[in-house]
Amino acid sequence: MYTTLTMISYSEPHAPSSGGRILVVDDNEDLVEILSAVLSLEGYEPIPAYDGAEALACMQARRPDLVLLDRALPDSDGLDICERMKAGDPLHFLPVIMVTAKAHRDDKLAGLAKGVDDYITKPFDMEELVAKVRVMLRIKATEDKLRQRTEELARLHEAEQAMVKRLTELDSLKSQFIATASHELRTPLSIIKGFNNLLLRRDDFGFDRPTEVQYLNLIDSQVNALTSLIDDMLSASRIESGRVRLQRERVEMVPMVRRVLGNFVVVAEERKISMAV
């Protein structure tokens, strides 16, 4: 069945649109051809389809930006095709303009319930149809920008959450590091303070020169241990900031163990504890 069209003059055509793929679905080949010609003049890319199955196939293959959909298709109801199109990618807005001879209120409500965004009734004015296409594509452009912005904000939120988690972990590590460093600093400081007090009271204890030298050597070793600990802390800071590259090397454990045991020589002797490596 042919549809009467009120054609507009293109002697002074509208400025070409920015483009967009428009799926034109109708079993009337002449109507599809006319609509495709007009849309091409307006700067759009028409995609013809003549039944529901072909329309759904074009949806998958061509990803149109808008659909002009006939209600009465030879193989299906246009409303069902609209519903399936909308369900295919619910996160993206696909405007559907239903082209139909049924202009009753109940028909329009049924279409809106199935996802139809606008109606145009046969016979229609071509200028009105082109205007509706422009409006729907502007709405789609706005929807797409909003969706893109929402996705960007979601990614930024995820990145922010990851950063907060990382900062929380770093803060926890810093607290652990401070607690460990405080303990490690207190040990040699306690030894230095203890032997320094003994040396200050050497007249009371009657230390001989060799004992005094031994205590001084122990104090010196603890000063070296503090210096080494501070150097290690600075190295750890540089490693954390990425300014130092780690390099594996062999380490002799025996000298390290002997240095640690040297901190407890006097206490071990007083308690008659023997230590050997």
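Here the structure is a predicted model, which is why all the values come from computation and not from measurement.

Chemist: Describe the confidence of the model for the protein, with residues and values.
Modeler: In the predicted model, the protein carries a mean pLDDT of 81, and 88% of its residues have values of at least 70. Least confident of the elements in the protein is helix α9 (residues 265–270), whose mean pLDDT is 70; most confident is strand β1 (residues 21–25), at 96. Confidence drops under pLDDT 50 across residues 1–17; counting only partners more than four residues distant or on other chains, this segment forms 34 contacts.

Chemist: An account of a nonpolar patch on the surface is requested, with residue identities and associated values reported.
Modeler: A surface patch of nonpolar side chains, about 500 Å² in accessible area, is lined by V251, M253, V254, M256, V257 and V277. Take M253: it is sitting in helix α8 (residues 253–262). By relative accessible area, which is 53% here, M253 ends up exposed.

Chemist: Hey, could you go over helix α1 (residues 29–41) for me, with residue numbers and the actual values?
Modeler: Each turn of an α-helix holds 3.6 residues, which means side chains three or four residues apart point in the same direction. With 13 residues, α1 should reach 18 Å at 1.5 Å per residue; the first-to-last C-alpha distance of 18 Å fits that figure. Taken together, the buried positions of α1 are L31, V32, L35, S36, V38 and L39. End-on, the buried residues of α1 take up no more than an arc of 165 degrees, which puts them together on one face. For α1, the exposed residues set more than 90 degrees away from the buried face come down to E29, E33 and L41. Tucked inside the fold, the buried residues of α1 contact β1, β2 (45–49), β3 (66–70) and α5 (126–200). A distance of 3.1 Å separates the backbone nitrogen of D30 from a side-chain oxygen at the start of α1, and that oxygen is part of N28. Just beyond α1, the residue with positive phi is G43, at close to 95 degrees.

Thresholds, definitions, all that
Residues numbered from 1 in each chain as written. Predicted model: local features only at pLDDT ≥ 70, side-chain atom pairs only at ≥ 80, totals over all residues. Heavy atoms only, no water. pLDDT = per-residue confidence, 0-100. Helix = DSSP H or I, 4+ residues; strand = E, 2+ residues; numbered from the N terminus. Contact = heavy atoms within 4.5 Å. Patch = residues over 30% accessible without salt bridge, like charges linked within 9 Å, V, L, I, M, F, W, Y side chains within 5 Å. Areas by Shrake-Rupley, 256 points an atom, 1.4 Å probe, with all protein chains shown as cover. Salt bridge = Lys/Arg side-chain N within 4 Å of Asp/Glu carboxyl O. Buried < 20%, exposed > 50% of the residue type's maximum accessible area, 1.4 Å probe, protein only. Expected span 1.5 Å × (residues − 1). Arc of directions from axis to C-beta. Polar contact = N/O pair within 3.5 Å; in protein donor to acceptor, adjacent residues only side chain to side chain.

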